[in-house]
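# A look at the structure
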Amino acid sequence: MAMSATAACCSLQEFATGVFKQIDFTYASFHAIYTKPINFIRINIRSNPALLARWNRLFQLLRAGAR
(Lines give C-alpha, C1' and ligand atoms only; values in the text may rest on other atoms or scores of the structure.)
Protein backbone atom coordinates (compact mmCIF):
# COMPACT_ATOMS: atom_id res chain seq x y z
CA MET A 1 0.00 0.00 0.00
CA ALA A 2 2.82 2.38 0.79
CA MET A 3 4.36 1.74 -2.63
CA SER A 4 1.03 2.40 -4.34
CA ALA A 5 0.64 5.69 -2.46
CA THR A 6 4.17 6.68 -3.44
CA ALA A 7 3.54 5.82 -7.10
CA ALA A 8 0.33 7.87 -7.02
CA CYS A 9 2.29 10.79 -5.60
CA CYS A 10 4.78 10.51 -8.46
CA SER A 11 1.95 10.51 -11.01
CA LEU A 12 0.38 13.58 -9.42
CA GLN A 13 3.73 15.37 -9.54
CA GLU A 14 4.07 14.52 -13.24
CA PHE A 15 0.84 16.45 -13.93
CA ALA A 16 1.24 19.13 -11.25
CA THR A 17 1.72 21.92 -13.78
CA GLY A 18 -1.22 20.79 -15.92
CA VAL A 19 1.18 19.49 -18.54
CA PHE A 20 2.77 16.04 -18.30
CA LYS A 21 6.42 16.13 -17.26
CA GLN A 22 8.04 12.73 -16.78
CA ILE A 23 9.61 12.15 -13.37
CA ASP A 24 11.90 9.21 -12.72
CA PHE A 25 10.40 6.95 -10.08
CA THR A 26 13.61 6.21 -8.21
CA TYR A 27 14.58 5.33 -4.66
CA ALA A 28 16.52 8.56 -4.31
CA SER A 29 13.60 10.68 -5.47
CA PHE A 30 10.80 9.04 -3.50
CA HIS A 31 12.29 7.32 -0.47
CA ALA A 32 11.22 10.12 1.89
CA ILE A 33 7.66 10.00 0.55
CA TYR A 34 7.57 6.19 0.85
CA THR A 35 8.71 6.21 4.47
CA LYS A 36 5.83 8.48 5.58
CA PRO A 37 3.05 5.89 5.09
CA ILE A 38 5.35 3.12 6.33
CA ASN A 39 5.95 5.05 9.55
CA PHE A 40 2.24 5.79 9.88
CA ILE A 41 1.45 2.07 9.55
CA ARG A 42 4.13 1.18 12.07
CA ILE A 43 3.14 3.80 14.64
CA ASN A 44 -0.65 3.93 14.29
CA ILE A 45 -1.79 0.59 12.93
CA ARG A 46 0.65 -2.02 14.21
CA SER A 47 0.50 -0.62 17.73
CA ASN A 48 -3.33 -0.78 17.90
CA PRO A 49 -4.76 -4.33 18.08
CA ALA A 50 -8.14 -3.33 16.61
CA LEU A 51 -6.60 -1.48 13.68
CA LEU A 52 -4.07 -4.25 13.12
CA ALA A 53 -6.87 -6.82 12.94
CA ARG A 54 -8.69 -4.68 10.34
CA TRP A 55 -5.43 -4.21 8.40
CA ASN A 56 -4.77 -7.96 8.35
CA ARG A 57 -8.36 -8.65 7.27
CA LEU A 58 -8.00 -6.20 4.41
CA PHE A 59 -4.95 -8.04 3.14
CA GLN A 60 -6.71 -11.40 3.47
CA LEU A 61 -9.52 -10.06 1.30
CA LEU A 62 -7.11 -8.56 -1.21
CA ARG A 63 -5.20 -11.85 -1.51
CA ALA A 64 -8.43 -13.82 -1.91
CA GLY A 65 -9.65 -11.47 -4.63
CA ALA A 66 -6.38 -11.68 -6.52
CA ARG A 67 -6.73 -15.43 -7.10
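Rules and cut-offs
- What you see as residue numbers is a count from 1 along each chain, following the sequence as written.
- This being a predicted model, a pLDDT of at least 70 is required before a residue's local features are given, and a value of 80 or more before pairs of side-chain atoms are given or counted; all residues contribute to the totals for chains, interfaces and linings.
- To obtain the side-chain values, all non-hydrogen atoms of the structure were used and water was disregarded.
- Starting at the N terminus, helices and strands are each numbered in turn, a helix being any DSSP run of H or I of at least four residues and a strand any DSSP run of E of at least two.
- Given the number of residues in a helix, its expected span is that number minus one, multiplied by 1.5 Å.
- Exposed residues in this analysis have more than 50% of their type's maximum accessible area, buried residues have under 20%, and partly exposed residues fall in between, with area computed by a 1.4 Å probe over protein chains only.
- Think of the arc as the fan of directions from the helix axis to the C-beta atoms.
- Only heavy atoms enter the contact rule, under which two residues are in contact if any of them lie within 4.5 Å.
- Patches in this entry comprise residues that are over 30% relatively accessible and not in a salt bridge; like charges within 9 Å are linked, as are nonpolar side chains (Val, Leu, Ile, Met, Phe, Trp, Tyr) within 5 Å.
- All accessible-area figures derive from a Shrake-Rupley calculation using a 1.4 Å probe, and residue coverage is judged against the displayed protein chains alone.
- By definition, a salt bridge exists where a carboxyl oxygen of Asp or Glu is found within 4 Å of a side-chain nitrogen of Lys or Arg.

### Some words on helix α1 (residues 2-14)
Taking 1.5 Å of rise per residue, the 13 residues of α1 would be expected to cover 18 Å, and the 19 Å separating its terminal C-alpha atoms lies within 8% of that figure. Listed in full, the buried residues belonging to α1 are Ala 2, Thr 6, Cys 10 and Glu 14. Mapping the buried residues of α1 onto a view down its axis gives an arc of 125°, with all of them on the same face. Every exposed residue of α1 that faces more than 90 degrees away from the buried side is listed here: Ser 4 and Leu 12. In this structure, the buried side of α1 is in contact with α2 (27-45).

### Digging into the environment of Ala 32
Tracing the sequence through the fold places Ala 32 in helix α2. In sequence terms Ala 32 and Leu 61 are 29 residues apart; their C-alpha atoms lie 29 Å from each other.

### Quick word on a nonpolar patch on the surface
Together, Met 1, Leu 58 and Leu 62 make up a nonpolar patch on the protein surface, roughly 260 Å² of accessible area in all. Within the fold, Met 1 resides in the segment before α1.

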